[in-house]
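A structural walkthrough
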Amino acid sequence: MKSAVETLNPTRVRLTVEVPFEELKDSLDAAYKKINQQVTVKGFRKGKVPARVIDQRFGRGAVLEEAVNDALPKFYTEAVNEAELNPLGQPEIDITELKDGETLNFTAEVDIRPTIEIPDYSGIEVEVDAVEVTEEDVDKAVEELRERFASTAPVERAAEDGDVVTIDLEAKVEGEVLEDGIANGVSYTIGSGELLDGVDAAVTGLSADQEATFASELKGGSAAGKEAEVTVKVTQVAKRELPELDDEFAQTASEFDTLEELRADSRKRLENMKQYDQATQAQERVLDKLLELVEVPVPEKLLEDEINTRKHNLEHHQLGQMGLDLEKYLEIQGKTAEEFDTETREAAVKGIKTQFVLDELVNREKHNVNQEELTEHLMRRAASSGMSPDQFAQAVVEGGQVPLLVGEVARGKALAAVVEKAVVKDTNGEIIDLDDEEEGETAEAPAADTADEAPAEVKADDAKAEDAKAEDTKAEEKTEG
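Residues numbered from 1 in each chain as written. Predicted model: local features only at pLDDT ≥ 70, side-chain atom pairs only at ≥ 80, totals over all residues. Heavy atoms only, no water.

What follows covers a nonpolar patch on the surface. On the surface, Val397, Val402 and Val406 cluster together into a nonpolar patch covering about 210 Å² of accessible area. The residue Val406 is located in helix H13 (residues 402–421) in this model. (Patch = residues over 30% accessible without salt bridge, like charges linked within 9 Å, V, L, I, M, F, W, Y side chains within 5 Å. Areas by Shrake-Rupley, 256 points an atom, 1.4 Å probe, with all protein chains shown as cover. Salt bridge = Lys/Arg side-chain N within 4 Å of Asp/Glu carboxyl O. Helix = DSSP H or I, 4+ residues; strand = E, 2+ residues; numbered from the N terminus.)

See below:
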């Protein structure tokens, strides 16, 4: 087999491959054997039909088609390895010549990882928010805890903002009560915004056994997105009663004996949260500075695939769970479709560039991942996915995703190393010494979807034969001709 590489652009190449026909022998033998198991010819036992009979009855072309489709992945892989390429995604294979008994020639166009030159980045400087916890912040945290321990007591008066009402709901669309449009005994805090738009105004001022009707767009169910006429009946009004802020409350709501100790713990928790946010902010800003230093060409096909993946995840997973479609989401966000497309494209470009750059740093600086680091990362990913660690680990192994998780951890370590060399100052001018452990926990590749929940994966195929198998249809079309 002979192969040559033509560079089409910095991220795409064309392989030209010439295969002597004798190198197809194993695939031809396999093709005859496979066809033998599938056909029945009178006068011959199943699986014992001679090759010449198969050629006569079913055509030599059918055998060649089967043999070529079997052989293409192997020859493509050999050509990729010989050229030392790092392909991305599936190749576009075109059989240019197939002469029975003589030769098989084909081309394969495929995106590749671009060559990236990373300059000295030790001079990066960024500014982050200072960690400051005020008395107002502590007051708010304690008040939120106090709200969680509030009790309710029924009252004989009209409902007011902040009251907890028990209500029955009935929704009609075009005059018909929906099968899933009835709910009884619903507990609702007026002003919380947790139910339909318009319900707060409808129930405010109502006493027990009174009802009101209002119009609202349904957020979920069989008529999600449709305008409905909703009747709400109040069956009970209850007033929220907050506990006194004293030592007794501290003992009830926490492990502390005094309110002063509870406030001190709240302050410490807030400081930790802001320090974590500060570290994350530092990483994001250092990453932005790093990307500004590096010229990174982006494969157009890979970019379009990433954009489509982000849109699909948003529309069919995140928005679907919230009972929204893309049009309603954009309305809530106050964005046009054009603005959304632009933002999605920019995020996809940044995601791909980030992975290319961090992967280059991983290879250049030999960032290895040990079992403990991988396990810690898996635990965090499991928690964010809502699965148990065992369930998540099983899904990762069964899906062959372990290398992707290893890549995430390695990229996190590469980014942490860049942050470590950067000068990070807060808004007060103080130099921040970020803790290494925090860096390792928060540094990951950029998000793949619009909600920034999961890391994007540039799926390099490492010249695996499976990618070429996806081109079987094209091979069939060529061999049929």
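Glancing now at the environment of Ile167. Within the fold, Ile167 resides in strand E7 (residues 164–173). On the basis of relative accessible area, Ile167 is assigned to the buried category, the value being 0%. Residues Ile167 and Lys233, spaced 66 residues apart in sequence, show a C-alpha to C-alpha distance of 5.4 Å. Setting aside anything within four residues of it in sequence, one finds Ile167 in contact with Ala183, Asn184, Gly185, Val186, Tyr188, Leu195, Val199, Val203, Val232, Lys233, Val234 and Thr235. (Buried < 20%, exposed > 50% of the residue type's maximum accessible area, 1.4 Å probe, protein only. Contact = heavy atoms within 4.5 Å.)

All right, on to the UniProt feature "domain: PPIase FKBP-type" (unreviewed entry) in the protein chain then. In the numbering used here, UniProt assigns the "domain: PPIase FKBP-type" (unreviewed entry) feature to residues 162–214. Structurally, residues 162–214 comprises 9% helix and 53% strand, and the distance from its first C-alpha atom to its last is 20 Å. (UniProt positions renumbered as here; feature names shortened; annotations may be inferred.)

What follows is about a negative patch on the surface. On the surface, a cluster of negative charge is contributed by Asp247, Asp257, Glu260 and Glu261. Tracing the backbone through its elements, the reader meets Asp247 in helix H6 (residues 247–253). For Asp247, a relative accessible area of 38% translates into the label partly exposed. (Lys, Arg positive; Asp, Glu negative; His and termini not counted. Charge placed at Lys NZ, Arg CZ, Asp CG, Glu CD.)

Here the focus is the nonpolar core. Among the nonpolar cores identified, the biggest contains 35 residues, and Ile124, Leu290, Val357 and Leu361 are the most heavily contacted of them. With seven residues, the top contributor of residues to this core is helix H10 (residues 337–365). If sequence neighbours within four positions are ignored, Val357 has contacts with Ile116, Ile118, Leu290, Leu291, Val294 and Val296. Grouped together as the second largest cluster of nonpolar side chains are 33 residues, Val19, Ala67, Ile95 and Leu104 included. (Core = buried A, V, L, I, M, F, W, Y, C linked by side-chain atoms within 4.5 Å.)

In this section: the confidence of the model for the protein chain. The predicted structure's coordinates, where accompanied by low pLDDT, should not be read in detail. The predicted model of the protein chain has a mean per-residue pLDDT of 87, with 90% of residues at 70 or higher. Note on residues 436–481: pLDDT is under 50 here. Beyond four places in sequence and across chains, it has 117 contacts. (pLDDT = per-residue confidence, 0-100.)

Our next topic: the sheet that holds strand E2 (residues 12–20). Pairing within the open sheet is antiparallel, and its four strands lie in the order E1-E2-E4-E3. At either margin of the open sheet sits one strand with a lone partner, and together these are strand E1 (2–9) and strand E3 (87–99). Here the strands of the sheet are splayed against their neighbours by 20° on average, with no regard to which way each runs. In this structure, E2 lies alongside strand E4 (residues 103–112), joined through nine bridges in antiparallel fashion. Residue Val19 lies in a different strand from E4, and its bridge partner there is Leu104. Across the sheet, helix H3 (residues 60–83) lies against E1, E2, E3 and E4, angled at about 125° from E3, the strand it touches most. (Pairing = 2+ DSSP bridges. Axes fitted to C-alpha atoms, helices over the stretch in contact; angles between N-to-C directions.)

Within the structure shown, the criterion is met by 33 salt bridges. When the shortest N-O distance is used, the salt bridge between Glu217 and Lys328 registers 3.5 Å. Taken together, the residues span a long stretch of sequence, with Glu217 in strand E9 (residues 211–217) and Lys328 in helix H9 (residues 326–333) at a distance of 111 residues. Residue class for Glu217 comes out partly exposed when judged on its relative accessible area of 30%. Residue classification places Lys328 among the partly exposed positions, given a relative accessible area of 23%. Connected through salt bridges with shared partners, the residues Glu6, Arg12, Arg14, Glu92, Glu109 and Asp111 form a single ionic network.

What follows is about helix H1 (residues 25–38). If you check H1, its first and last C-alpha atoms are 20 Å apart, about what 14 residues at 1.5 Å a residue would give, namely 20 Å. Buried residues of H1: Ser27, Leu28, Ala31, Tyr32, Ile35 and Asn36, and no others. Contacts from the buried residues of H1 go to helix H2 (51–58) and H3. (Expected span 1.5 Å × (residues − 1).)

Of the strand pairs in this sheet, E3 and E4 are connected by nine bridges, and their pairing is antiparallel. What sits directly across from Pro87, in E4, is Ile112. Joining the antiparallel neighbours E3 and E4 is a turn of three residues, in which Gly101 adopts a positive phi near 85°.

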